[in-house]
Amino acid sequence: MSENTEHNPFADAAAGDGTQASTGGEQPGPAQGGAPEHGAASPRVAELEAELSAMRDKWMRAEAEMQNVRNRAKREVEDARQYAVQKFAKDVVEAAENLKRALASLPQATEGEDSILTRMREGIESTERSFMGILERNGICAVDAKGKPFDANLHQAMAEQPSDEHAAGTVMESWTPAWTLHGRLLKPAMVVVSKGPAQAG
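In what follows, the accompanying structure is described. Since this is a predicted model, take the numbers as computed values, not measurements. (Residues numbered from 1 in each chain as written. Predicted model: local features only at pLDDT ≥ 70, side-chain atom pairs only at ≥ 80, totals over all residues. Heavy atoms only, no water.)

Counting its secondary structure elements, the chain contains four helices and six strands. Taken from the N to the C terminus, the helices and strands of the chain come in the order α-α-α-α-β-β-β-β-β-β. Here the chain, with 201 residues, has 19% of them falling under the buried criterion. A fraction of 64% describes how many contacts in the chain between residues 6 or more apart in sequence connect residues 24 or more apart. Counting every atom, the chain has about 15300 Å² of accessible surface; 56% of that belongs to carbon and sulfur. (Helix = DSSP H or I, 4+ residues; strand = E, 2+ residues; numbered from the N terminus. Buried < 20%, exposed > 50% of the residue type's maximum accessible area, 1.4 Å probe, protein only. Contact = heavy atoms within 4.5 Å. Areas by Shrake-Rupley, 256 points an atom, 1.4 Å probe, with all protein chains shown as cover.)

Here is the structure:
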């Protein structure tokens, strides 16, 4: 019985397939370019998070500083608006004081006085009331000093006199009121201050 010596192509194909399957089935590891493990990226993530936190802190500080700058600028503008007229206001209060002096120079009202004098007094009084109302609406106020303790921030002492009726350091007479512009002193009151009871000789 003779052996079959013919070449079997299917056997060669099977052998070839086995070789390719064994070779192609290998998977690349980390050394062959695979994805890095999660633990290797953690230090970089922590570094980025720290940088982000630092940048957030810098931004918040910068924003707070900008808000402070805006607030300062707003206050400066408001101050400039309120007090830019200070010199003009000083001249205006001079006019108000002159009206007060004009009234004080008129004789006291009496029954049967001349009608011209009555109308003059009423006219000046009406003008003064209107003028004072205009000043107050624009932040200019008169502060009466009589009977109050002497305050160097509001009063200018023109004289000191003994008094049995007023304690020492009390304003016993005020020649002019203190004038303020939006609460800031514009012109001090001219006052006479009590020295207290006169000493017995």
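Okay, helix α3 (residues 86-105) next. Note: α-helices contain 3.6 residues per turn, so residues at a spacing of three or four share the same orientation. In this model, α3 (20 residues) spans 29 Å end to end at C-alpha, consistent with the 28 Å of a helix rising 1.5 Å per residue. Listed as buried for α3 are Ala89, Val92, Val93, Ala96, Glu97, Leu99 and Leu103. In an axial view of α3, the angular spread of the buried residues amounts to 150 degrees, which keeps them on one side of the axis. In α3, those exposed residues whose orientation departs by more than 90 degrees from the buried face are Lys87 and Ser105. Of the surrounding secondary structure, the elements contacted by the buried residues of α3 are α4 (115-137), β1 (140-143), β4 (178-181) and β5 (184-187). (Expected span 1.5 Å × (residues − 1). Arc of directions from axis to C-beta.)

Turning to the sheet that holds strand β6 (residues 189-196), a few remarks are in order. On the basis of which strands lie adjacent, the open sheet formed by three strands has the order β2-β6-β3 and mixed pairing. Among the strands making up the open sheet, the edge pair consists of β2 (155-162) and β3 (171-174). Taken over all neighbouring pairs, the strand axes of this sheet differ in orientation by 30 degrees on average, direction set aside. Alignment of β3 against β6, held across three bridges, turns out to be antiparallel. Residue pairing for β6: Glu173 is matched across the bridge by Val192. (Pairing = 2+ DSSP bridges. Axes fitted to C-alpha atoms, helices over the stretch in contact; angles between N-to-C directions.)

Before going further, it helps to spend a moment on the side chain of Lys187. Tracing the backbone shows Lys187 in strand β5. Of note is the side chain of Lys187, whose polar atom sits 3.0 Å from the side chain of Glu97. Leave out the neighbours within four places in its chain, and Lys187 touches Val93, Glu94, Glu97, Pro177, Ala178 and Trp179. (Polar contact = N/O pair within 3.5 Å; in protein donor to acceptor, adjacent residues only side chain to side chain.)

That's the geometry; what it means functionally is another story.
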